[in-house]
Amino acid sequence: MTLLSLLYVSRSTIDAALAETVVADIVETAGRVNLALELTGALIFTGAHFAQILEGPTGAVDTLMTSIAADTRHRNILIVDRLPVQSRSFDQWSMAYFGRVRFVERHITDLIETPSSSDRSHSSKLLRKLMHEFSVQHVPALRGA
Ligand SMILES: Cc1cc2nc3c(=O)[nH]c(=O)nc-3n(C[C@H](O)[C@H](O)[C@H](O)COP(=O)(O)O)c2cc1C
């Protein structure tokens, strides 16, 4: 079955003092809802921005994306790419989250500041690769738990 993998970036509107709690709440909801919708993916929070990959059946990805886009905990949502894929990159995760990761901030800003979608492909590939590497590093620890 062909699946859709969608990558977006956005700017957080969350007050810094509340960030840990608010993001933990998002991750908890995502874990629960995504499992029910057969969606998998990964979320990065830098403190200023989010990057998220959602993968699964096209209809489920698009429906969830509509509700995520309406969420006031972030704004300036930029859908970086929507790719048909044959298999999932995050099949172990309903929503992988690895705590606050600051060093990807530069890659996210590059994407936001690049007006033409075709020019974003280098940064989007890099960001996808980094997010996948994070998940691969974290899975063995969880499996061993
Ligand atoms: C950056 C960000 C990422 C989110 N990711 C997900 C997600 O992967 N799955 C999910 O169910 N909700 C996610 N949410 C929460 C949704 O926007 C929404 O609050 C949730 O789906 C409940 O929607 P409802 O109130 O319309 O039922 C995310 C919110 C934000 C701000």
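Let us look at the structure shown here. (Residues numbered from 1 in each chain as written. Predicted model: local features only at pLDDT ≥ 70, side-chain atom pairs only at ≥ 80, totals over all residues. Heavy atoms only, no water.)

**What to know about the pattern of salt bridges**
Per the stated rule, a full pass over the model turns up seven salt bridges. In this structure, Asp62 engages Arg82 in a salt bridge whose closest nitrogen and oxygen atoms are separated by 2.7 Å. With a gap of 20 residues between them, Asp62 in helix α2 (residues 58–69) and Arg82 in strand β4 (residues 74–85) connect regions that are remote in the sequence. Relative accessible area serves as the criterion here: at 28%, Asp62 is assigned to the partly exposed category. By relative accessible area, Arg82 is classed as partly exposed at 43%. Salt bridges here are not isolated pairs; linked through shared partners, they connect Asp25, Asp71 and Arg73. (Salt bridge = Lys/Arg side-chain N within 4 Å of Asp/Glu carboxyl O. Helix = DSSP H or I, 4+ residues; strand = E, 2+ residues; numbered from the N terminus. Buried < 20%, exposed > 50% of the residue type's maximum accessible area, 1.4 Å probe, protein only.)

**Observations concerning the side chain of Ser5**
Mapped onto the elements, Ser5 comes out in strand β1 (residues 3–12). Judged by relative accessible area, Ser5 falls into the buried class, the value being 2%. At 2.8 Å, the side chain of Ser5 forms a polar contact with the side chain of Arg128. When sequence neighbours within four positions are dropped, the list of residues in contact with Ser5 reads Ile53, Leu54, Glu55, Asp81, Arg82, Leu83, Val85 and Arg128. (Polar contact = N/O pair within 3.5 Å; in protein donor to acceptor, adjacent residues only side chain to side chain. Contact = heavy atoms within 4.5 Å.)

**Thoughts on the site of the ligand**
The immediate surroundings of the ligand are formed by 15 residues, with Val33, Asn34, Gln52, Asp71 and Arg73 found nearest. The contact in question runs from an oxygen atom of the ligand to an N or O atom on the side chain of Asp71, over 2.7 Å. Summarising the interface, the protein chains cover 74% of the accessible area of the ligand, which totals 620 Å² for the free molecule. If you list the elements that add at least two residues to the shell around the ligand, you get α1 (19–37), β3 (49–56) and α2. No other element matches α1, which puts four residues into the shell around the ligand. When grouped by side-chain class, the residues that make up the shell around the ligand number nine nonpolar, four polar and two charged. (Near = heavy atom within 4 Å. Areas by Shrake-Rupley, 256 points an atom, 1.4 Å probe, with all protein chains shown as cover. Nonpolar A, V, L, I, M, F, W, Y, C, P; charged D, E, K, R; others polar.)

**So, α1**
The terminal C-alpha atoms of α1, which comprises 19 residues, lie 26 Å apart, in line with the 27 Å expected from a rise of 1.5 Å per residue. Those residues of α1 not exposed but buried are Ala19, Val22, Val23, Ile26, Ala30 and Asn34. The positive-phi residue at the C-terminal boundary of α1 is Glu38, with phi of around 60 degrees. (Expected span 1.5 Å × (residues − 1).)

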